[in-house]
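If you want the building blocks of each chain, they are given just below.
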Amino acid sequence: MIGQESTVRALQNALGQNRLHPVLLFSGTRGVGKTTLGRLIAKALNCEQGMGPEPCGRCQNCEAIDSGRFPDFLEIDAASRTRVEETRELLANVSYLPSRGRARVYLIDEVHMLSGHSFNALLKTLEEPPPHVYFLLATTEPEKVPVTILSRCLRFALRRVPVDQIAGHLALVAGKEAVPSESAALGLLADAAQGSVRDALSLMDLALTYGAGSVREADVAAILGTLDHEQLHALASAILKKDRQRMGEILGVLHALEPDYAGILESLARLFVTLACRIELGPSLPAGMRSEDEARFAVWASETDPLDLQIDYEIIRKGLEEMRAIDDPELTFDMTCVRLLAFEPDRAVRRAPAGQDPGVPTSDWKPPQAGPGREAPSDSPPAMEAPSVPASRRPLTQAEWPSYVSDLEISGMAREILNHTICTQYDGKTLMLELAQNFANLLTTQLKSRIDGALRERENRDLEVRIEIGDGSGETLAKQRACQMEQEQEQVQAELNRDPNVQKLLERGAEIRKGSVRPTRR
Ligand SMILES: [Zn+2]
């Protein structure tokens, strides 16, 4: 269990005193550990070593719970079983004694998805649960759970796991599996996971296949289509200092990278909020910052007017809105950057006499006097019509899919996800893809619509794209590339070994560190 220390402690105390509340509700965003916690409780109640706060994790009961084979631990996904008949069926056995363990544990995930009738059926049981039964309800949207249900629950709000802690966990996993990893790379992954340990692990898997067995910062930045840590801070610094020349250089670099522009704006917004909190609330908040950033934030905090951050945040939000409406992220991104340089708050607002409502500062945006050197540094090219692509309009075979994906106009995370798919069917109207389970949680609706868009454009028709979850077998572009990288690596290593100078060094007892020789990526 990573993070959630206070919740874990409270539950352990209750378990230790044999006073666990029979109905618990865990709320929190995706991947913060709701089901992991549920399993821990089921184990604590049913461990063969005795009931208590520290289940052994090795006995038959513990192992059966971990692998989902324990008859008295029922995991139910409410999203797929919303009907009242299904709920009744589920609750029919509640009053029977557990068949193998001491307690029967129901874990109902996404409980807010149940229908009104289902909630009523559940409520009857929750009002008087039999002594051997525990209900663990998990939800990402607690406000959608009826008050009648909530009043029966002991509630725990799980927080997003801090970046530092996720990065630490990734380092632990990488260390255990002897995977070479750069700590900056793990930091980027942890950042991108937004508090979800599960997402962080999936992202690391992506990075591992991409980097042929190692996790490097440049690779991770390429996958995420984002800027690496230093690049993002350089961009932030250019905005805060209104450094037009630097901004021009950065935009030039970005255009060549074709990054995930929306992702960059999101990161920038988060950075400015962190900075604003730091200025207004002091250095204790918010927690979870990487320690090497502390010094940089301290300097920014001393040099920045918080009013500027208010406006910057508004401008970025507006930019993100426009990005959703206009299908040209680069154009919108450039305009947003220009606005970030051009607009300054009306600093008189803050000095408004007491009693007068100074109003929201953003309503008083006004550009500073234009003068020499004040012109926007970037001349954005006008939006161009996409060149029409000849439609292939014929069924795609599984074998053709990897090279088809390779030619597709798409970048960043959406590309990485596609690289890991296989094509199971394409009849010209519906394209069926399969994505391995361990990457499924990364497929957001935003990424899905980017994938849809790229495929529709390529096929030049309004096709339906369905992505199903598979077992990860089958030839994907990612696997082909990883295999190729490995072969190239072996070649390079062999050439190096044949080099007479290297041979001399080897004779003198030098060693070539495993994995330190890499072919250059084209
Ligand atoms: Zn056990």
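Notes on the structure follow. (Residues numbered from 1 in each chain as written. Predicted model: local features only at pLDDT ≥ 70, side-chain atom pairs only at ≥ 80, totals over all residues. Heavy atoms only, no water.)

### Looking at the coordination of the zinc ion
Alright, step 1. Distances from the zinc ion to its protein donors, C47 (SG), C56 (SG), C59 (SG) and C62 (SG), fall at 2.3 Å.
Alright, step 2. Coordination at the zinc ion is tetrahedral, judged from the four donor atoms that bind it and the angles of 101 to 119 degrees they form at the metal.
Alright, step 3. When the donors of the zinc ion are listed by position in the chain, the intervening gaps give C-x8-C-x2-C-x2-C. (Donors = N, O, S within 2.8 Å, 3.2 Å for Na, K, Ca; no water. Tetrahedral: all angles 85-135°; square planar, octahedral: opposite > 155°, others 65-115°.)

### Brief notes about the packing of aromatic side chains
Alright, step 1. The tally for this structure, following the rule as stated, stands at five aromatic pairs.
Alright, step 2. Here the aromatic rings of W401 and Y404 are separated by 5.3 Å at their centres, their planes lie at 20 degrees, and the arrangement is stacked. Separated by three residues within a single helix, W401 and Y404 lie in helix 17 (residues 401–407), roughly one turn from each other.
Alright, step 3. The exposure class assigned to W401 is buried, which follows from its relative accessible area of 1%.
Alright, step 4. Taking the relative accessible area as the measure of exposure, Y404 reaches 7% and is therefore buried. (Phe/Tyr/Trp six-rings, centres within 6.5 Å; stacked < 30°, edge-to-face > 60°. Helix = DSSP H or I, 4+ residues; strand = E, 2+ residues; numbered from the N terminus. Buried < 20%, exposed > 50% of the residue type's maximum accessible area, 1.4 Å probe, protein only.)

### Observations regarding the sheet that holds strand 2 (residues 73–77)
Alright, step 1. Taken in spatial order, the five strands make up an open sheet running 2-3-4-1-5, and their pairing is parallel. Two strands bound the open sheet, and with one partner strand each, they are strand 2 and strand 5 (154–157). Strand-to-strand, the axes of this sheet are offset by a mean angle of 15 degrees, without reference to chain direction.
Alright, step 2. Looking at chain direction, strand 3 (residues 104–109) and strand 4 (residues 133–139) are connected through five bridges and run parallel. Across the sheet, residue R104 finds its bridge partner in strand 4, namely V133. (Pairing = 2+ DSSP bridges. Axes fitted to C-alpha atoms, helices over the stretch in contact; angles between N-to-C directions.)

### Section: empty space enclosed by the protein
Alright, step 1. Counted according to the given criterion, the structure contains one cavity of 30 Å³ or more.
Alright, step 2. Every residue along the wall of the largest cavity is listed here: I76, R81, E86, T87, L90, I108 and L114.
Alright, step 3. Ranked by residue count, the leading element in the lining of the largest cavity is helix 4 (residues 84–91), at three residues.
Alright, step 4. Residue composition of the lining of the largest cavity, by class: four nonpolar, one polar and two charged. (1 Å grid on protein atoms, 1.4 Å probe; cavity = no way out; pocket = protein on both sides within 12 Å on 5 of 7 lines; lining within 4 Å. Points joined across faces, edges and corners; volume = space filled by probe spheres on them. Nonpolar A, V, L, I, M, F, W, Y, C, P; charged D, E, K, R; others polar.)

### Points about the layout of surface pockets
Alright, step 1. Considered as a void within the structure, the second largest pocket measures approximately 630 Å³ in volume.
Alright, step 2. In terms of lining, the second largest pocket is formed by 21 residues, of which the most central are G33, K34, T35, T36 and R198.
Alright, step 3. Per-element accounting of the lining of the second largest pocket gives the leading share, six residues, to helix 2 (residues 34–46).
Alright, step 4. Per-class residue counts for the lining of the second largest pocket are seven nonpolar, five polar and nine charged.
Alright, step 5. Built from parts of two domains, the lining of the second largest pocket gets at least three residues from each of domain 1 (5–157) and domain 2 (163–224). (Domains from an automatic or database assignment.)

### Considerations on unusual backbone geometry
Most peptide bonds take the trans form, and the phi angle of most residues other than glycine is negative.
Alright, step 1. Even without a glycine there, the phi angle at Q4 is positive, about 60 degrees.
Alright, step 2. Among the secondary structure elements, Q4 is positioned in the segment before helix 1 (5–16).
Alright, step 3. By relative accessible area, which is 2% here, Q4 ends up buried.
Alright, step 4. The phi angle at K242 is positive, at roughly 50 degrees, despite the residue not being glycine.
Alright, step 5. Inspection of the secondary structure assignment puts K242 in the loop between helix 11 (229–240) and helix 12 (244–257).
Alright, step 6. Residue K242 is classed as buried on the basis of its relative accessible area, which comes to 17%.

### Some points on the nonpolar core
Alright, step 1. Membership of the largest hydrophobic core comes to 52 residues, with the highest contact counts inside it found for V215, W401 and L455.
Alright, step 2. Ranked by residue count, the leading element in this core is helix 9 (residues 197–210), at seven residues.
Alright, step 3. Each of domain 2 (163–224) and domain 4 (401–475) accounts for three or more of the residues forming this core.
Alright, step 4. One finds L227, I239, L275 and A301 within the second-largest nonpolar core, a separate group that totals 35 residues. (Core = buried A, V, L, I, M, F, W, Y, C linked by side-chain atoms within 4.5 Å.)

### Observations regarding helix 7 (residues 163–176)
Alright, step 1. For helix 7, with 14 residues, the first-to-last C-alpha span of 20 Å sits near the 20 Å given by 1.5 Å per residue.
Alright, step 2. Within helix 7 the residues assigned to the buried category are V163, I166, A167, L170, V173 and A174. Along the long axis of helix 7, the arc covered by the buried residues comes to 120 degrees, so they all point the same way. Opposite the packed face of helix 7, turned more than 90 degrees from it, sit the exposed residues L172, G175 and K176. (Expected span 1.5 Å × (residues − 1). Arc of directions from axis to C-beta.)

### Some words on the side chain of T125
Alright, step 1. Position of T125 among the secondary structure elements: in helix 5 (residues 116–127).
Alright, step 2. Those residues in contact with T125 that lie beyond four places of it in its chain are L91, V94 and F135. (Contact = heavy atoms within 4.5 Å.)

### Re the sheet that holds strand 8 (residues 464–470)
Alright, step 1. Spatially, the three strands line up as an open sheet ordered 6-7-8, and their pairing is mixed. Each having just a single partner strand, strand 6 (421–426) and strand 8 make up the two edges of the open sheet. Neighbouring strand axes in the sheet, compared pairwise and without regard to direction, differ in orientation by 25 degrees on average.
Alright, step 2. Here strand 7 (residues 430–436) runs beside strand 8; their pairing, made up of seven bridges, is parallel. For L433, the partnering residue across the bridge sits in strand 8 and is I467.
Alright, step 3. Each of strand 6, strand 7 and strand 8 touches helix 20 (residues 445–459); the most contacted strand, strand 8, lies at about 130 degrees to it.

### As for the environment of G319
Alright, step 1. Take G319: it is sitting in helix 15 (residues 306–325).
Alright, step 2. The buried category is assigned to G319, whose relative accessible area is 0%.
Alright, step 3. Ignoring sequence-local partners within four residues, the contact set of G319 consists of L265, T332 and T336.

### Concerning the side chain of H233
Alright, step 1. The residue H233 is located in helix 11 in this model.
Alright, step 2. H233 sits in the buried class, given a relative accessible area of 5%.
Alright, step 3. Every residue in contact with H233, bar those within four places of it in the chain, is listed here: L271, D293, R296, F297 and W300.

### Looking at the environment of E459
Alright, step 1. Here E459 shows up in helix 20.
Alright, step 2. Exposure remark for E459: the relative accessible area of 1% places this residue in the buried category.
Alright, step 3. Considering only alpha carbons, one finds E459 and G428, 31 residues apart in sequence, at a separation of 8.8 Å.

By themselves, these observations are geometric and do not establish any function.
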